[in-house]
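Overview (structure and organization)
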Amino acid sequence: MIQREAYLQQLINFKDIKLIKIITGIRRCGKSTLFDIYIDYLKSQNIGKEQIIQVNLENPDMKFNDYMELYNYIKEKMIKDKMNYIFIDEVQNVPNFQKAVDGLFIKENADIYITGSNAYLLSGELATLLSGRYIEIKMLPLSFKEYLSAFDSKIDKNEKLLEYFKYGALPQTVELYKINPDLVDSYLDGVLSTVVYKDIMMRKNINNRLILESVLKYIFSNIGSQITTKKISDTLTSMNRATSNHTVENYISALLEAYLIYKVDRFDIRGKNVLSSGYKYYMVDLGFRNHLLGKKAGQDMGHILENIVYLELLRRNYKVYTGKVDNLEVDFVAENKEGLEYYQVALTTRNEETLERELRSLQRTGDFYPKYILTMDNDLDTDYNGIKKINVIDWLLGK
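In what follows, the accompanying structure is described. (Residues numbered from 1 in each chain as written. Predicted model: local features only at pLDDT ≥ 70, side-chain atom pairs only at ≥ 80, totals over all residues. Heavy atoms only, no water.)

What follows deals with the sheet that holds strand E13 (residues 371-375). Read across the sheet, 8 strands follow the order E8-E7-E10-E11-E12-E13-E15-E14 without closing on themselves; strand pairing throughout is mixed. The open sheet is flanked by strand E8 (273-274) and strand E14 (382-384), the only strands paired with a single partner. Two elements, strand E7 (residues 266-268) and strand E10 (residues 319-325), share 3 bridges in a ladder whose sense is parallel. Within E10, the position partnered with Phe267 by the bridge is Gly323. Contacts from helix H14 (residues 301-315) reach E10, strand E11 (328-336), strand E12 (339-346) and E13 within the one sheet, and its direction differs from that of E11 by about 20°. (Pairing = 2+ DSSP bridges. Helix = DSSP H or I, 4+ residues; strand = E, 2+ residues; numbered from the N terminus. Contact = heavy atoms within 4.5 Å. Axes fitted to C-alpha atoms, helices over the stretch in contact; angles between N-to-C directions.)

This paragraph deals with the pattern of salt bridges. For the structure on display, the rule yields 22 salt bridges. A salt bridge links Asp367 to Lys371; the nearest nitrogen and oxygen atoms lie 3.6 Å apart. The exposure class of Asp367 is buried, given its relative accessible area of 15%. Classification of Lys371 as buried rests on a relative accessible area of 9%. Counted as one network, the salt bridges with shared partners bring together Arg27, Glu58, Lys198 and Asp199. (Salt bridge = Lys/Arg side-chain N within 4 Å of Asp/Glu carboxyl O. Buried < 20%, exposed > 50% of the residue type's maximum accessible area, 1.4 Å probe, protein only.)

What follows is about the packing of aromatic side chains. Here the structure, examined in full by the defined rule, presents 20 aromatic pairs. Measuring from ring centre to ring centre gives 6.0 Å for Tyr38 and Phe87, while their planes differ by 70°; the resulting arrangement is edge-to-face. Separated by 49 residues along the polypeptide, Tyr38 in helix H2 (residues 31-44) and Phe87 in strand E3 (residues 84-89) bring together distant segments of the chain. Taken individually, Tyr38 and Phe87 each receive the classification buried, so the pair is uniform in this respect. Plain terms: the ring middles of Tyr310 and Phe332 are 6.0 Å apart, the flat faces sit at 35° to each other, and that makes the pair tilted. A residue pair is termed long-range when its members are at least 10 positions apart, and Tyr310 in helix H14 and Phe332 in strand E11 qualify at 22 residues. Each member of the pair Tyr310 and Phe332 is classed as buried. These aromatic residues form a ring-pair network of at least three members: Phe144, Tyr147, Phe151, Tyr164, Tyr167 and Tyr177. In this structure, Lys160 is placed above the aromatic ring of Phe151, and the distance from its NZ or CZ to the ring centre is 3.7 Å. The ring of Trp395 carries Arg316 above its face, with NZ or CZ at 4.3 Å from the centroid. (Phe/Tyr/Trp six-rings, centres within 6.5 Å; stacked < 30°, edge-to-face > 60°. Lys NZ or Arg CZ within 6 Å of the ring centre and 35° of its normal.)

On to the packing of helix H9 (residues 182-204) against helix H10 (residues 209-221), then. Contact pair H9 / H10: the axes reach a minimum separation of 12 Å and the direction vectors enclose 115°. Along this stretch, H9 crosses H10, giving a crossing that reads as right-handed. Residues Leu192, Ser193, Val196, Tyr197, Ile200 and Met201 of H9 form the contact with H10, whose own contacting residues are Arg209, Leu212 and Leu216. Its residues placed into classes, the contact of H9 with H10 shows 7 nonpolar, 1 polar and 1 charged. (Left-handed = near helix turned anticlockwise from the far one by under 90°. Nonpolar A, V, L, I, M, F, W, Y, C, P; charged D, E, K, R; others polar.)

Structure, rendered in structure tokens:
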């Protein structure tokens, strides 16, 4: 079992605090396993197994017709004079689940942890009902550091990074790869089909799977590039798959809610404000891209590397934008409570022209926030008047 230490520590930090702990993320990113790891921790802290109530709503044996059945099932298992640690997996599978969660929350001896695979979990009635009473932990597939922990310490890190690009980082993918890499594609197909059918088509009443998958393929083919709904609809129409801008917008919204893709706003660095156009999209796991696009998946290694960096910045709790400075682009503007950081991502900057291009936009920011160029180059760390060039593997493993 691959330990998810950063996520585990967040749960430990919030233990017994009167907040509902909601873990969100795409299916199979490790939410249920995190529960298992945390439950092992609780037992190590002398929490009795009778105090731990675990309900996995993906399990056919755990079938509840409505929220009252779920509520009563858990209530009957609670120990009166002790704290009860309640874990509900894929809570959105029970209609009006938020009422059961709210009913449990008001009990003094309930510490509640739930997972969900769709962003609608924190919208609408749940957000209203539980406003101010929950903390969201946004879970992603394995970081590169977590990924490496599954292999022998003597492995070639550059080779493993290329495998990380190709096969992705869902925990089960890693285990299957170690058995036989040929098993990975079938597994990813199953996960993607479940996400597309259960979390998108059924929930959004979408009937045209071909158009939905065409939109997904277009975005996967253009990660890190500015995309408009009009550009997508025009492309699909030219392929005899006519659709409207409105339909494309709805489909993209559904893909975002299922955590398959992430939308990244554009940031005007000089004006220090978020722009209303020029969005880019990145994906939650590159294994899906390789599965869906086949041989075409490896044709844009620069943007693939960008995708890896984007996800790592999210893991490090940054708010991430793409940057604009005058008529130049900065790959990422990362913001946290300490301010901004700027990142350019390139496979290599050994070509003088490429290096100058990457430096130019960073030199034009007009401020003194930290600036970095991340690259696959194995040179020693280099500083260009305050702009640091770092090997991307060193950076990925550095925190």
